[in-house]
Each structure stands twice: as C-alpha cells, then as structure tokens.
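# Structural characterization, general
What follows is the residue order along each chain.
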Amino acid sequence: MRSAGRRSRRHVAPLLSQAAAAVLFAAAPSLAAADEFFPVRDENPLVRGFYLPLPSDSRLNEGRNLAATLSISNTLNVEDRPHESLLVDGESDTLTLSFEDTLYQNWRYRITVPVMHDSGGFLDSAIDHWHRWFGFNPGNRPFYPQNELVYSYSGGRRDINITQPQTGIGDIAGEIGWYPIDDAHRTVSLWSGFTAPTGSVSKLTGDGAWDAAVWAHGALRWPQWQLAAELGATQPFGDEIFGGAAHRLSVFARFAATRALGSQWSLRAQLDGQSGRVADSDIRFLGPSLQLTVGAVRRLGAKWRVEFGFAEDAGVNTAPDITFFLGIRRQSSAK
C-alpha cells in the first residue's frame with residue numbers, strides 16, 4: 001500500500017466553505033428564526049457503527065417532529081504505519097429517519113433509524129473533471145480506479161475488508177431529554193440515549209453491542225442570529241468491529257452559528273468534533289476527528305423546512321473528504 005495520502009478533492013470543499021462563510025457573515029439583517037443545528041454527523045464508514053447522537057435542537061413545546069436526511073459521503077484515505085495499514089475508497093449513502101415528540105412536562109424523546117448503502121458511487125468522475133478544469137493536483141486518484149469500493153484495515157485486533165456494494169440498517173437510537181430552561185431567547189436541555197444492536201458488524205453499520213451517551217445542549221437566540229453548542233460523551237458496551245479496541249469512552253462537541261436571511265432562508269456554519277474511537281492505533285482516520293458543515297435552510301410555510309449543504313474534514317484525514325446532504329423536516333409547531 002502507498003504511503004499516507006489522499007485525493008485532493010480537498011481543493012473543492014475549502015473554496016466552497018470560504019464562499020459560504022463570507023455570505024453567512026455579510027448577510028443583511030432579518031427577523032426570521034431557524035433551528036440551531038443540521039441533523040448530520042461524522043459518517044466515517046469504519047466508526048459509524050458506534051453511537052454518536054445527532055444534534056438535539058428542538059424546543060420543548062414543538063410537538064411532533066418528523067425528519068429525513070440523505071447524506072452522500074465520498075472519500076479516499078490511504079495510510080501505512082509500522083504495524084497498521086488502511087485504504088478507504090468509496091461512497092456511502094446514509095438515510096437517517098427520526099421521530100421526536102413531547103413526553104410530558106419538561107421532557108421530550110426521539111427515535112432515530114439510519115439506513116446505509118456503500119458502493120463505488122458516482123462522484124469520482126465529476127471530481128476528476130473539477131481537478132482537470134482548475135489544474136488541481138489529483139493526489140492519489142490516478143493510482144485507483146473510479147467508482148470502486150474498498151474498505152480495508154489491517155494490523156489491529158481484527159481486520160476489515162469490504163469490496164462489494166452493500167445495504168443495511170444501522171443501530172436504532174432511543175433518546176430522552178429534559179429542559180430546565182426554554183424560552184424565546186435561550187434553551188438548555190440535558191439528554192441521554194442508547195442504541196440497540198440492530199446494525200450489522202460485517203457491514204460496519206453496527207458495533208454488535210448496546211451503546212449509551214449523555215450530552216448537554218445550549219442555545220442563544222436573537223432576531224437575526226442563533227448560537228448553539230453541545231458537549232457529551234458516548235460509551236459502547238462492546239466492540240465486535242475492532243475486537244475490543246474501540247470499547248472506550250469518547251467525548252464529542254458541536255458548535256453552530258446561524259444567520260437568518262428574511263422569513264424563509266437561513267445560512268449556517270457548524271463544527272463537529274469527537275475524540276479517538278480506536279485505542280492503540282496510529283491511523284489518523286481512526287483517531288480524533290473534526291468536521292466543518294456549511295449549508296442553508298429553506299422554510300416552506302409554518303411547518304416544513306428543507307436543509308442542504310456539505311461537510312468536509314476540517315481536520316485533514318479525520319473524516320470523509322466530502323459529504324453532501326439534503327434533509328426535510330416537519331414540525332407540528334414552528335419556533
């Protein structure tokens with residue numbers, strides 16, 4: 001296997017990030033409101049089977065919420081270490097379905113079901129054209145065929161080798177949150193959750209064990225701006241993917257800034273990070289991760305909204321190279 005490297009599709013995402021960020025902070029004032037986070041997370045195909053809760057940005061009195069988000073992640077990561085080697089080349093499509101409602105008084109609950117599909121994908125050709133048009137360095141792309149699927153890891157307690165397209169359900173999550181503070185200007189909520197081992201270890205859609213997590217959510221709102229943050233920890237109670245090397249506590253954090261553009265549109269920048277999942281590994285793709293997400297929200301009346309954007313690994317080689325997402329949510333009552 002070649003030494004550490006990757007495709008240079010990183011040239012695409014930073015340019016988009018800079019352009020979107022400029023619009024985000026130069027936008028004209030507005031009186032619209034928007035939710036605090038995008039319902040996305042790090043979709044690293046090797047560690048996605050471990051519990052990492054989606055952001056929890058609902059208000060206490062919202063009633064029922066239904067959401068569906070499709071994420072398409074494309075990456076090529078190649079790493080060789082003295083006792084480990086990794087090749088992740090492929091495209092992962094994740095459809096995340098969630099239902100949330102008020103439980104009683106100051107409590108809400110949420111159920112999340114992910115469905116995942118891995119393949120060689122279809123974005124490689126477009127990225128090749130992008131590199132050629134703008135003269136970007138193609139990196140390792142010339143050494144690997146287009147639209148191929150290879151998830152390979154060796155040297156740990158257990159090897160991984162996936163080369164055929166596959167589809168499977170992930171671990172189903174059940175979560176409950178308590179809201180000690182929730183008004184027009186601020187929200188504080190405390191959450192706990194678990195995942196049941198409904199995913200497949202062989203397809204990397206589950207870790208073969210029950211997992212648990214706890215986290216805190218806080219948000220501040222003004223007429224044109226919203227700021228939100230989350231901090232939490234997640235603990236798998238087993239690990240059949242890496243032979244126990246990932247049976248460890250992981251800390252995660254998020255921060256998002258949202259700017260309203262009138263009554264229908266909002267722009268958002270979001271930063272997600274988590275500590276390393278796999279112990280005793282020098283592979284960067286299995287260590288701490290940092291992901292930047294930039295996108296927009298379009299409200300469709302009082303109850304519906306569409307969210308779309310992209311995410312890139314702000315920490316190089318720590319998350320998928322590029323992830324595009326499109327989601328739709330229905331709220332029983334608007335914020």
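This report concerns the structure included in the present document. (Residues numbered from 1 in each chain as written. Predicted model: local features only at pLDDT ≥ 70, side-chain atom pairs only at ≥ 80, totals over all residues. Heavy atoms only, no water.)

It is worth spelling out the pairing of strand β14 (residues 289-300) at this point. Sheet topology note: the strand β13 (residues 265-274)/β14 ladder contains ten bridges and is antiparallel. For Q274, the partnering residue across the bridge sits in β14 and is S289. Relative to strand β15 (residues 304-313), β14 runs antiparallel, the two sharing ten bridges. Across the sheet, residue R299 finds its bridge partner in β15, namely R305. Counting the residues between successive antiparallel strands, the hairpin from β14 to β15 contains three residues, one of them, G301, with a positive phi of roughly 80°. (Pairing = 2+ DSSP bridges. Helix = DSSP H or I, 4+ residues; strand = E, 2+ residues; numbered from the N terminus.)

Before going further, it helps to spend a moment on the nonpolar core. In terms of nonpolar packing, the biggest core is built from 19 residues, with L46, Y153, F242 and L286 touching the most fellow members. Elements that contribute at least two residues to this core include exactly β3 (85-104), β5 (150-154) and β6 (160-162). Beyond its immediate chain neighbours, meaning those up to four positions away, L286 contacts L46, V47, Y153, F242, G276, R277, V278 and S281. The next biggest cluster of nonpolar side chains, apart from the first, holds nine residues, and it includes L52, L60, W215 and F252. (Core = buried A, V, L, I, M, F, W, Y, C linked by side-chain atoms within 4.5 Å. Buried < 20%, exposed > 50% of the residue type's maximum accessible area, 1.4 Å probe, protein only. Contact = heavy atoms within 4.5 Å.)

Below, the discussion takes up the side chain of E84. Along the chain, the position of E84 falls in the loop between β2 (65-80) and β3. No salt bridge is formed by the buried E84; the nearest opposite charge belongs to R81, separated by 6.4 Å. At 2.8 Å, the side chain of E84 forms a polar contact with the side chain of S281. At 2.8 Å, the side chain of E84 forms a polar contact with the backbone nitrogen of D282. (Lys, Arg positive; Asp, Glu negative; His and termini not counted. Salt bridge = Lys/Arg side-chain N within 4 Å of Asp/Glu carboxyl O. Polar contact = N/O pair within 3.5 Å; in protein donor to acceptor, adjacent residues only side chain to side chain.)

Bringing the environment of S332 into the picture now. With respect to the element layout, S332 can be found in the segment after β16 (322-331). In this structure, the C-alpha to C-alpha distance between S332 and R64, residues 268 residues apart in sequence, is 5.3 Å. Residues contacting S332, with those up to four places away along its chain left out, are E62, G63, R64, N65 and K303. At 2.9 Å, the side chain of S332 forms a polar contact with the backbone oxygen of R64.

Phi is positive for Q105, which is not a glycine, with a value near 45°. Relative to the helices and strands, Q105 is located in the loop between β3 and β4 (107-119).

Moving on, we come to a nonpolar patch on the surface. A contiguous nonpolar surface patch, about 510 Å² in accessible area, is contributed by L220, W222, L227, F255, L271 and L290. As for its placement among the helices and strands, L290 is situated in strand β14. By relative accessible area, which is 34% here, L290 ends up partly exposed. (Patch = residues over 30% accessible without salt bridge, like charges linked within 9 Å, V, L, I, M, F, W, Y side chains within 5 Å. Areas by Shrake-Rupley, 256 points an atom, 1.4 Å probe, with all protein chains shown as cover.)

With that settled, the discussion passes to the pattern of salt bridges. In this structure the tally under the stated criterion is 17 salt bridges. One salt bridge in this structure joins D272 and R254, with 2.9 Å as the shortest N-O distance. Taken as a pair, D272 in strand β13 and R254 in strand β12 (residues 250-261) lie far apart in primary sequence, 18 residues in all. The exposure class of D272 is buried, given its relative accessible area of 9%.

Such coordinate-based values are descriptive only and should not be taken to indicate function.
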